Amino acid sequence: AAEPPPADEPDPTPPPADEPDPTPPPEEPSEPAPAPEPEPEPESEPFALDLDDPFVAELVEETVSLMEASGIDVDLEDEDTVFFIRQVVTDRIVDEARFELGVEEPNLEVAPAIDGSSSTVVDASQEYVDRKDNNSAFPCGGVTDTYRVTCPLDAGILPAGEYVVVTVVLEDPIEANSAATQVYGLFFDDDGDDSDNFGFVPPFDESFIRNTEHWYQLQIDPDGTRTMWVDGYRDGVPGVPRYSSAAVIEFESGLVWFIPRSEVPGDALAYRASAFATTGDPTLPPDPSESGGDATGASASEPLLAIDTSAPIVVDDPSGLPPDIDGTQPRVPVEADPDAQIAAALFAEVAERINSALASGDVEQVVALLHPQFATGPAEAACRAEIEASLAQANSVTFTVVPLAPDLSGPIPFYVAEATISYPTGDVAWGPVFLPGPTGRLYLVLPACAQEGG
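Quick caveat: nothing in here was measured; it's all calculated off a predicted structure. (Residues numbered from 1 in each chain as written. Predicted model: local features only at pLDDT ≥ 70, side-chain atom pairs only at ≥ 80, totals over all residues. Heavy atoms only, no water.)

Attention now moves to the overall build of the protein. Across its full length, the protein carries 10 helices and 17 strands. Residues counted as buried form 44% of the 454 residues belonging to the protein. Put simply, of all contacts in the protein between residues at least 6 apart along the chain, 71% involve residues at least 24 apart. (Helix = DSSP H or I, 4+ residues; strand = E, 2+ residues; numbered from the N terminus. Buried < 20%, exposed > 50% of the residue type's maximum accessible area, 1.4 Å probe, protein only. Contact = heavy atoms within 4.5 Å.)

Our focus in this paragraph is the sheet that holds strand β8 (residues 247-251). Here we have 6 strands laid out as an open sheet, ordered β2-β8-β9-β3-β1-β13, and mixed in their pairing. Looking at the sheet topology across the chains shown, the edges are occupied by β2 (148-150) and β13 (313-315). Shown here is a sheet whose adjacent strand axes are inclined to one another by a mean of 30°, direction ignored. Across 7 bridges, strand β3 (residues 161-170) lies against strand β9 (residues 254-260) in antiparallel orientation. Within β9, the residue paired with Val 168 across the bridge is Leu 255. (Pairing = 2+ DSSP bridges. Axes fitted to C-alpha atoms, helices over the stretch in contact; angles between N-to-C directions.)

Our next topic: the state of the cysteines. If you walk through the whole model with that rule in mind, you get 1 disulfide. Covalent S-S linkage joins Cys 140 and Cys 151, the inter-sulfur distance amounting to 2.1 Å. On the sign convention where negative means left-handed, the S-S torsion of about -85° between Cys 140 and Cys 151 marks this disulfide as left-handed. Here Cys 140, found in the loop between α6 (126-132) and β2, pairs with Cys 151, found in the loop between β2 and β3; they are 11 residues apart in sequence, far enough to count as distant. The burial state of Cys 140 is the same as that of Cys 151; both residues are buried. (Disulfide = S-S within 2.5 Å.)

Looking now at the layout of surface pockets. Of the pockets and cavities examined, the second largest pocket occupies roughly 1,100 Å³. Considering the residues around the second largest pocket, the lining is formed by 46 residues, among which Asp 221, Thr 225, Thr 227, Glu 349 and Arg 353 are closest to the centre. A per-element tally of the lining of the second largest pocket places helix α7 (residues 338-360) first, with 8 residues. (1 Å grid on protein atoms, 1.4 Å probe; cavity = no way out; pocket = protein on both sides within 12 Å on 5 of 7 lines; lining within 4 Å. Points joined across faces, edges and corners; volume = space filled by probe spheres on them.)

Ile 354, Leu 391, Phe 399 and Ile 421 are the most contacted members of the largest nonpolar core, which totals 28 residues. Only α7, α8 (363-370), α9 (381-391), β14 (396-401), β15 (415-423) and β16 (426-435) provide two or more residues apiece to this core. With 10 residues, the single largest contributor to this core is α7. Ranked by size, the runner-up nonpolar core spans 26 residues in total, among them Tyr 216, Val 230, Tyr 271 and Ala 273. (Core = buried A, V, L, I, M, F, W, Y, C linked by side-chain atoms within 4.5 Å.)

In this model, α7 (23 residues) spans 33 Å end to end at C-alpha, consistent with the 33 Å of a helix rising 1.5 Å per residue. All of the buried residues along α7 are Gln 341, Ile 342, Ala 343, Ala 345, Leu 346, Phe 347, Glu 349, Val 350, Ala 351, Ile 354, Ala 357 and Leu 358. You can read the cap of α7 off the contacts: a side-chain oxygen lies 3.1 Å from the backbone nitrogen of Asp 339, and it is on Asp 337. After α7 finishes, the residue Gly 361 shows a positive phi value of roughly 80°. (Expected span 1.5 Å × (residues − 1). Polar contact = N/O pair within 3.5 Å; in protein donor to acceptor, adjacent residues only side chain to side chain.)

Let us look at empty space enclosed by the protein. Tallied over the entire structure, the rule returns 2 cavities of 30 Å³ or more. Taken as a whole, the second largest cavity holds about 40 Å³ of empty space. Surrounding the second largest cavity, Tyr 271, Arg 272, Thr 296, Gly 297, Ser 299, Glu 302, Pro 303, Leu 304 and Leu 305 form its lining. Of the residues belonging to the lining of the second largest cavity, the class tally is 4 nonpolar, 3 polar and 2 charged. (Nonpolar A, V, L, I, M, F, W, Y, C, P; charged D, E, K, R; others polar.)

None of this, on its own, says anything about what the molecule does.
Listed below in structure tokens is the structure:
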């Protein structure tokens, strides 16, 4: 009964009715509020329009052509005209295209979000490529205050010719997350033929790699380590590692991918870009409660974004490039057998991780890399304990790639090597070791303890 009287008090209180009059003023401050919103532009400063950039110059040229075709007099000395062009071009670069993963309750707190993407094809002179990519302005492993460059393992020396350039703009700055592994992807179909593309594995119907065949991924580990993985779908087999000379450049809140046209040579080139993060194990299928992501397009089942390859932009003047910086990963000439070259590089990368773990005394990490099956259940506990005790005394591990028999030399989802474990008392050979594609772990034909089930 005490509650109805207060309800009556609003009616008999015309004085408060006077307060609605003062209420309009509060609404006026809400109108100036939009004014501060244009000021997030500093965040996209790394993507400020630079006419020396061939990608931006092409977009500006197209915009000017459209304006002139519409009867608009374009004066590039006029500030208002230049501002308008900047807005049009920026909107094209940052054209929003978001969607949530098609899985139940994705953990969007860890998921990076994509604001938009753009693509073009350039035809670069050798002088330009040398100054830009071949260990100069944008060398592999190079880091400055404004950008960072990551290349695949054993990235090759770049020749003159055509390159696909895809720019992906994110909502937030890219930085390592101590609680999550991030993976930024770029996935291509280059021939318009769905029959040679990867479909999807249910229930992951919104897989980022759906209906694509050439896969490029930048992985950022919780400690900030960057690795670029290149693989794809070949002759019905997913995850086949590929030799590549590509590179990806991180800016504050975006990525620019440079992919040699020879690696995606088809005449119907299209792509999807993605951003993904997981607090779980990045080598296992994602758990929706631990991961989430975003991609270009409304969903993975809709058509990819087409790339116009008909008129590549010629770039032959390197004078607008930033100064040379030091890289940490020299580009190397491609060998006679690129598949064998990337196999050796993949094993070398895993050996580096294992030896780093051995040096720090992290035997559990070594076992997880060498024997993932031992981390999955209690049945192998006795054998796991023996192997941990053995590896605790080891100094290092090396791998020698095993040439595959002719009937196995096609696209298979793993490579094979012999492992040599060095102890203070001598070396012990283990093997063969199977490497199931990039970013995977090693599988070993186990010693007697495991083979006998003990």
